[in-house]
Each structure stands twice: as C-alpha cells, then as structure tokens.
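# Reading the structure
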Amino acid sequence: MTGFEKTPGWLDWYAGPSRPEFRLPEGAVDAHCHVFGPGEEFPYAPERKYTPCDASKDQLFALRDHLGLTRNVVVQATCHGADNTAMVDALRASGGRARGVATLRRDVTDAEVRELHEAGVRGVRFNFVRRLVDAAPQQDLLDIVERIAPYGWHVVVYFEAADLPDLRDFFLSIPVPLVIDHMGRPDTAKDPDGPDFEAFLDFLRARPDIWCKVTCPERLTVSGPPALDGERRAYRDVVPFARRVVEEFPDRVLWGTDWPHPNLTDHMPDDGLLVDFVPHIAPTPELRRRLLVDNPTRLYWPEAD
Ligand SMILES: O=C(O)c1cc(C(=O)O)oc(=O)c1
C-alpha cells in the first residue's frame, strides 16, 4: 500500500511478455525506458500530471534479461518531476549496465550535476508535451544547457509534431547534441512521404548531431493491430515512418521499449512483440546492429565503443 492511487484508466505494464523470435544482437541497448517508484520508496512528485503503477528497477532489469538486452538508458519520467532519485538508484544498482537522462531545474548546482554524472547520467530531458508538464521558460532551459555542456551531456526533447515549427529555432540554438523522443510524434494517419514528416526529416538534416528515437509504435499507431496475442503484423502503419528515419540516418537512430509505457489507456503491448517489430523498421542486419548496439553505445558508453 503506497498511498498513491493510479490515474483512472491507467493500464499496468504487461506481465509475462513473450520471448522474442527476433534474436537481438550481442550488446543491444534499450535506449528509452523508465522506472516508476516504487511510490513507497520513491514518492511521485507533487506536481505530476498522472499517477502511474509502480515499475521498479528490478522489474526493469528482469525485462532486460528476458528480452535479451544488455543495457538500459533510464529516462526520468515526468511523474517524478525533477527528483531523480529513483532513476539514479536504478543506475547505481545496475553495475554499469544502465545510464540515465535526468530532469533538472534551472537552479541545479554544479555539484549536483557532477554527482548525477558520476552515477551515470549523460543527458537532460526537456519536455514540451502539455499533457505531461508545464514547459519551463526557454531561457531557463538554456541556463541548464550551460551547466551540463562541460560534462559532454546531450539534451533529450519530447514534443508533438504540431509544435515543431514553433520549437525548431529554439532547438537549433541548443549548443549540444539533441536526441528526439518517439520520432517527434508524427501523425501516422498522414502520408510518410508528405510535407509534415518531410519537415521533421528536414529538421534532422539541419545538424549532424541530432539523434532520433524510433520508439513507441504502440503510441503512434492509428490502425493497429496491437502487439498482443502473438500478432505478427502489429503497428504496420508506423513502419514506413520509422524506416525512413532508420534508412536516412542509420548512424543516429536509437531504439527502446518505452517500458513501462506511461499513459496508455487503449492497450498495453507485449514487450516481446515490440522486439519483434524491430526487423520491420531496420530491414538489414547492418542497420539493426547500428540501431541497437553501435549508436546507443557510442552515445551513452563511449568508453566501451
Ligand atoms: O507519451 C507519454 O505519455 C510519455 C510520458 C513520459 C513521461 O511521463 O516521462 O515519457 C514518455 O516517454 C512518454
């Protein structure tokens, strides 16, 4: 009993995922996942916009091993605000097999950034999705960038496709590498070769240090079918979008499960089937090795590259 009550309609993560048919290459990284609490040990932030179910580091590491992954990048979830202790606890318990992305406030001190770096944090996340956070002023974010730049960190940005035109110039003014969450959330009911997704690709072309996570087909799909009950044709509407990114930017794409899949109310995917989705978006062994192993290792474990 944690004293926290899940947001109504919130779906728990999928227990007992299937074992993927696709065998992940040696050293594969889940470059986008989260821990939630447990709330009793790591309380959710007062300013959060949802209350999740608990999803602990041990459960995350068990999923890693079950799916055949080697490492995790644990991204600070908005339900923990700028209190990074649950995420840092996961990094410290991972024996070097997890790196992290933090949320910081403008008044963060150099000593705090250094401590996060020593724990394995390598990026800061700026979130512009209104249902998740009230966005901070852009000047505050640039002040944070000044703090993290000396450590070689990058900035992870989460935004909706419709907001890219307004945010593009701000993003391009950030003087450290950028990593885009969930492919910039395209509307997959639209044409993957149409002007909206072309504008996103054009943004990626604007600088060679903009990376893109080809994640979350379960969030982006419009026509499904869901990755459940052994479905082999899950989320086919998302494939052409992700594949365009993987094929044009093979050296700066990242993949992750997004476990425990915050805020899904329609269905909760079987994470084993999410792994089986990968060969559809990265059709050759070479593309898969870069997406799953080489790229995330270069960004998060450069010393092991
Ligand atoms: O789309 C979302 O609801 C979502 C939320 C969070 C978070 O709350 O941090 O992170 C994600 O990667 C995706």
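What counts and how
The numbers attached to residues start from 1 for each chain and follow its sequence in the written order. Thresholds applied to this predicted model are a pLDDT of at least 70 for local features of residues and 80 or more for the giving and counting of side-chain atom pairs; totals over whole chains, interfaces and linings are not thresholded and use all residues. Side-chain figures throughout are based on the complete set of non-hydrogen atoms in the structure, without hydrogens or water. Definitions used throughout: a 1 Å grid over protein atoms alone; a cavity as a set of points that fits a 1.4 Å probe which cannot get out; a pocket as an open set with protein on both sides within 12 Å along at least five of seven lines; a lining residue as one with an atom within 4 Å of a point. Grid points are joined across faces, edges and corners, and a volume is the space filled by probe spheres set on the points. Strands are runs of DSSP state E lasting at least two residues, helices are runs of H or I lasting at least four, and both sets are numbered from the N terminus onward. For this scheme, ten residues count as nonpolar: Ala, Val, Leu, Ile, Met, Phe, Trp, Tyr, Cys and Pro. Four count as charged, namely Asp, Glu, Lys and Arg, and the remainder, Gly too, count as polar. Remark: exposure states derive from per-residue accessible area (1.4 Å probe, protein chains only) relative to the maximum for the residue type, with buried under 20%, exposed over 50%, and partly exposed in between. Polar contacts, as used here, are pairs of N or O atoms within 3.5 Å; protein pairs need one atom able to donate a hydrogen and one able to accept it. Residues neighboring in sequence count only if both atoms are side-chain atoms. Nearness is judged by heavy atoms alone; a residue qualifies as near a molecule or strand once a single heavy atom is within 4 Å of it. All accessible areas in this document rest on Shrake-Rupley with a 1.4 Å probe, and a residue is counted as covered only by the protein chains that are shown. In this scheme, a molecule is assigned to a cavity or pocket if more than half of its atoms are within 2 Å of the grid points. Basic side-chain nitrogens of Lys or Arg form a salt bridge, by our definition, when they fall within 4 Å of a carboxyl oxygen of Asp or Glu.

What the largest pocket holds in volume is close to 480 Å³. Of all the secondary-structure elements, those providing two or more residues to the lining of the largest pocket are strand S4 (121-127) and helix H4 (138-148). Classifying every residue of the lining of the largest pocket by side-chain character gives nine nonpolar, four polar and eight charged. Ala82, Asn84, Thr85, Glu112 and Leu116 are the residues nearest the centre of the second largest pocket, which is lined by 16 residues in total. Within the residue set of the lining of the second largest pocket, elements represented by two or more residues are helix H2 (85-93) and helix H3 (110-119). No other element matches H3, which puts four residues into the lining of the second largest pocket. Class assignment for the residues of the lining of the second largest pocket results in six nonpolar, four polar and six charged.

Note on placement: Thr297 falls in helix H10 (residues 285-300). Overall, Thr297 belongs to the buried group, its relative accessible area being 6%. One polar contact links the side chain of Thr297 to the main-chain carbonyl oxygen of Val293, over a distance of 2.5 Å.

This paragraph deals with the site of the ligand. Around the ligand lies a shell of 16 residues, among which Tyr50, Thr78, Arg131, Tyr158 and Asn263 are the nearest. Within the side chain of His182, a nitrogen or oxygen atom sits 2.8 Å from an oxygen atom of the ligand. In this structure, an oxygen atom belonging to the ligand sits 3.2 Å away from a side-chain N or O atom of Arg219. Protein coverage of the free-state accessible area of the ligand, which is 330 Å², stands at 100%. When each cavity is represented as a set of grid points, the ligand is found to reside in the largest cavity. For the shell around the ligand, the class distribution of residues is five nonpolar, six polar and five charged.

For the rest of this paragraph, the subject is the pattern of salt bridges. Once the charged atoms of two side chains with opposite charge are near each other, the side chains can pair. For the structure shown, the criterion picks out 30 salt bridges. Put simply, Lys57 and Asp89 hold a salt bridge, and the shortest N to O gap is 2.8 Å. Taken together, the positions of Lys57 in helix H1 (residues 57-67) and Asp89 in helix H2 put the pair 32 residues apart, joining distant regions of the chain. Ionic pairing is found between Glu198 and Arg205, a salt bridge with its closest N-O pair at 2.9 Å. Residue Arg205 is classed as partly exposed on the basis of its relative accessible area of 33%. One connected set of salt bridges, linked through shared partners, spans Asp193, Glu198, Asp202, Arg205, Arg244 and Glu248.

It is worth stressing that arrangement in space is one thing and function is another; only the former is reported here.
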